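Commentary on secondary and tertiary structure
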Amino acid sequence: MREPVRALLCYAKAISANDLRNCIGIQGRNFMAWSAPIKLRPFAADVAISRACLRAATPAVERPLRMVTWLADEKIMLGAVGVFWAATRLSPSRPLRREADAMLCSVLVAGLVPDLFKYLVRRERPNRALVRRHDRRVPRLGNAWDSFPSGHAMHLSAIAVSAQRLLPKRWRAPLWSALGALAATRIVLLAHYPSDVVAGWGIGALINRTVCAAFGRAERRTSKNIAAATPLQPY
């Protein structure tokens with residue numbers, strides 16, 4: 001009886017995909033092994049770019065990039081957006097609060113979508129597929145078959161779409177460039193193929209646009225209901 005209860009407690013405490021997978025691994029005797037049904041092979045351009053990154057890899061480059069890419073970690077991004085959302089509760093600007101709502105919701109959804117893809121799609125990370133023996137130059141980041149899509153890129157894009165609407169036009173290009181470069185560190189670190197990052201970036205933008213559209217429809221519906229419920233004042 002204790003084993004199932006312990007497994008359920010571990011599952012309840014899991015707050016990220018890696019935590020959940022570790023939980024399942026610990027209780028492997030009690031769960032059926034799951035293998036994603038779709039095996040996605042990298043494109044020729046993916047392999048060529050990743051091999052070029054492998055040839056250029058050195059500890060002096062990889063170590064700083066590991067620190068930089070940590071900024072796009074799911075928990076870091078969620079914490080930063082959560083702080084921003086809490087700060088906007090004190091603002092009298094309704095558009096700012098609405099954009100903060102959309103950003104927070106987008107990041108939450110972006111935290112779930114990669115898990116769905118990675119349970120359905122298998123793609124071996126380049127740091128395993130291209131480096132068969134131990135290579136001290138290349139850190140073995142993440143689970144071996146969780147290459148597609150890039151969760152880091154998805155989170156960055158989901159935030160960028162909302163953030164660019166809050167910034168003056170002259171700051172939008174630097175914003176996209178900085179966040180795009182941050183997402184590209186996953187390629188240089190051989191944690192993802194370029195197509196993983198591009199797919200994650202596109203999905204993140206789509207998540208944000210879908211969330212904003214849903215918020216807009218809900219707001220319009222609420223306004224109509226309030227207008228319909230408001231009695232007409234006699235002249």
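Residues numbered from 1 in each chain as written. Predicted model: local features only at pLDDT ≥ 70, side-chain atom pairs only at ≥ 80, totals over all residues. Heavy atoms only, no water.

**Let's talk about the side chain of S195**
Our working definition: Secondary structure is summarised from DSSP: a helix means a run of H or I of at least four residues, a strand means a run of E of at least two, and numbering begins at the N terminus for each. Each polar contact in these results corresponds to two N or O atoms within 3.5 Å; when the atoms are within protein, one needs to be able to donate a hydrogen and the other to accept it, and residues that are neighboring in sequence are counted only if both atoms are side-chain atoms.
Within the secondary structure layout, S195 lies in helix 10 (residues 194–229). A distance of 2.6 Å separates polar atoms of two side chains, one belonging to S195 and the other to D46.

**Things to note about the pattern of salt bridges**
How we decide: Salt bridge, as used here: a side-chain nitrogen of Lys or Arg that lies within 4 Å of a carboxyl oxygen of Asp or Glu. For the exposure calls, accessible area comes from a 1.4 Å probe over protein chains only, and a residue counts as buried if that area is under 20% of its type's maximum, exposed if over 50%, partly exposed in between.
Applying the stated criterion across every chain, the model contains 6 salt bridges. Notably, a salt bridge pairs R98 with E219, separated by 3.4 Å at the nearest N-O pair. You can see R98 sitting in helix 6 (residues 94–120) and its partner E219 sitting in helix 10, a full 121 residues away along the chain. Exposure remark for R98: the relative accessible area of 32% places this residue in the partly exposed category. Since its relative accessible area comes to 27%, E219 is described here as partly exposed. Between D196 and R123 there is a salt bridge, with its nearest N and O atoms 2.6 Å apart. Of the two residues, D196 is situated in helix 10 and R123 in the loop between strand 2 (121–122) and helix 7 (126–129); the sequence distance between them amounts to 73 residues. Residue D196 shares its accessibility class with R123, and that shared class is buried.

**A few points about helix 8 (residues 151–166)**
Selection rule: What a helix should span is 1.5 Å times the count of its residues minus one. Note on bend: at a given residue it equals the angle between the axes fitted to the 7 residues ending there and to the 7 starting there.
The end-to-end C-alpha distance of helix 8, which contains 16 residues, comes to 23 Å, matching closely the 22 Å that a straight helix rising 1.5 Å per residue would cover. Maximum bend of helix 8: about 25°, positioned at A160.

**Details of the confidence of the model for the chain**
Filter applied, for reference: Note: pLDDT gives the predictor's confidence per residue, expressed from 0 to 100. Note on contacts: a residue pair is in contact if any heavy atoms of the two residues lie within 4.5 Å.
Mean pLDDT over the chain stands at 82; residues scoring 70 or higher make up 80%. Least confident of the elements in the chain is helix 1 (residues 2–13), whose mean pLDDT is 44; most confident is helix 3 (residues 44–56), at 94. Low confidence marks residues 1–17, where pLDDT is under 50. Its contacts with residues over four positions away, or in another chain, come to 18 contacts. Ignoring residues within four places in sequence, the model shows residues 20–33, a span with pLDDT below 50, making 18 contacts including any to other chains.

**Brief notes about the environment of R165**
By the secondary structure assignment, R165 is in helix 8. By relative accessible area, which is 33% here, R165 ends up partly exposed. Excluding its chain neighbours within four sequence positions, the residues that come into contact with R165 are E99, R172, N208 and C212. Side-chain polar atoms of R165 contact the side chain of E99, separated by 2.8 Å.

**Brief notes about the packing of aromatic side chains**
Defined as follows: Classification of ring pairs rests on two measures: the distance between centres of Phe, Tyr or Trp rings, Trp counted by its six-membered ring, which must be within 6.5 Å, and the angle between planes, read as stacked under 30 degrees, edge-to-face over 60 and tilted in between. A positively charged side chain is recorded as over a ring if its NZ (Lys) or CZ (Arg) lies within 6 Å of the ring centre. The angle to the ring normal must also be within 35 degrees.
Taken as a whole and judged by the stated rule, the model has 2 aromatic pairs. The ring of W145 is capped by R122, whose NZ or CZ atom sits 5.7 Å from the centre of that ring.

**Notes on the state of the cysteines**
As used in these notes, a disulfide is a covalent bond between sulfur atoms, one from each of two cysteines. Worth spelling out the cut-off: In what follows, a disulfide is any cysteine sulfur pair within 2.5 Å.
Inspection of the entire model under this criterion finds 0 disulfides. In this model C105 remains outside any disulfide bridge; the closest cysteine sulfur is found in C212, 9.1 Å from its own.

**Some words on unusual backbone geometry**
That bond from F148 to P149 is cis: its omega, -10°, falls within 30 degrees of zero. Structurally, P149 is set in the loop between helix 7 and helix 8. The backbone of L190 sits at a positive phi, close to 65°, despite the residue not being glycine. Mapping L190 onto the fold places it in the loop between helix 9 (169–188) and helix 10. Given the relative accessible area of 1%, L190 is considered buried.

**A word on a nonpolar patch on the surface**
Put simply, the test is: The residues that make up patches have over 30% relative accessible area and no salt bridge, and they are joined within 9 Å when like-charged or within 5 Å when they are Val, Leu, Ile, Met, Phe, Trp or Tyr. Every accessible area reported is derived by Shrake-Rupley at a probe size of 1.4 Å, with residue values counting cover from the shown protein chains alone.
A cluster of nonpolar side chains, I38, L116 and L120, forms an exposed patch at the surface whose accessible area comes to about 270 Å². With respect to the helices, strands and loops of the structure, I38 is situated in strand 1 (residues 38–39).

**A word on helix 3**
Under the convention used in this document: What the arc measures is the spread of directions leading from the helix axis to the C-beta atoms.
Here helix 3 contains 13 residues, and its C-alpha end-to-end distance of 19 Å stays within 8% of the 18 Å for a straight helix at 1.5 Å per residue. When helix 3 is considered as a whole, its buried residues turn out to be D46, S50, C53 and L54. Each buried residue of helix 3 lies within a common arc of 100° when the element is viewed along its axis, so the set occupies one face. For helix 3, the exposed residues lying more than 90 degrees away from the buried face are A44, R55 and A56.

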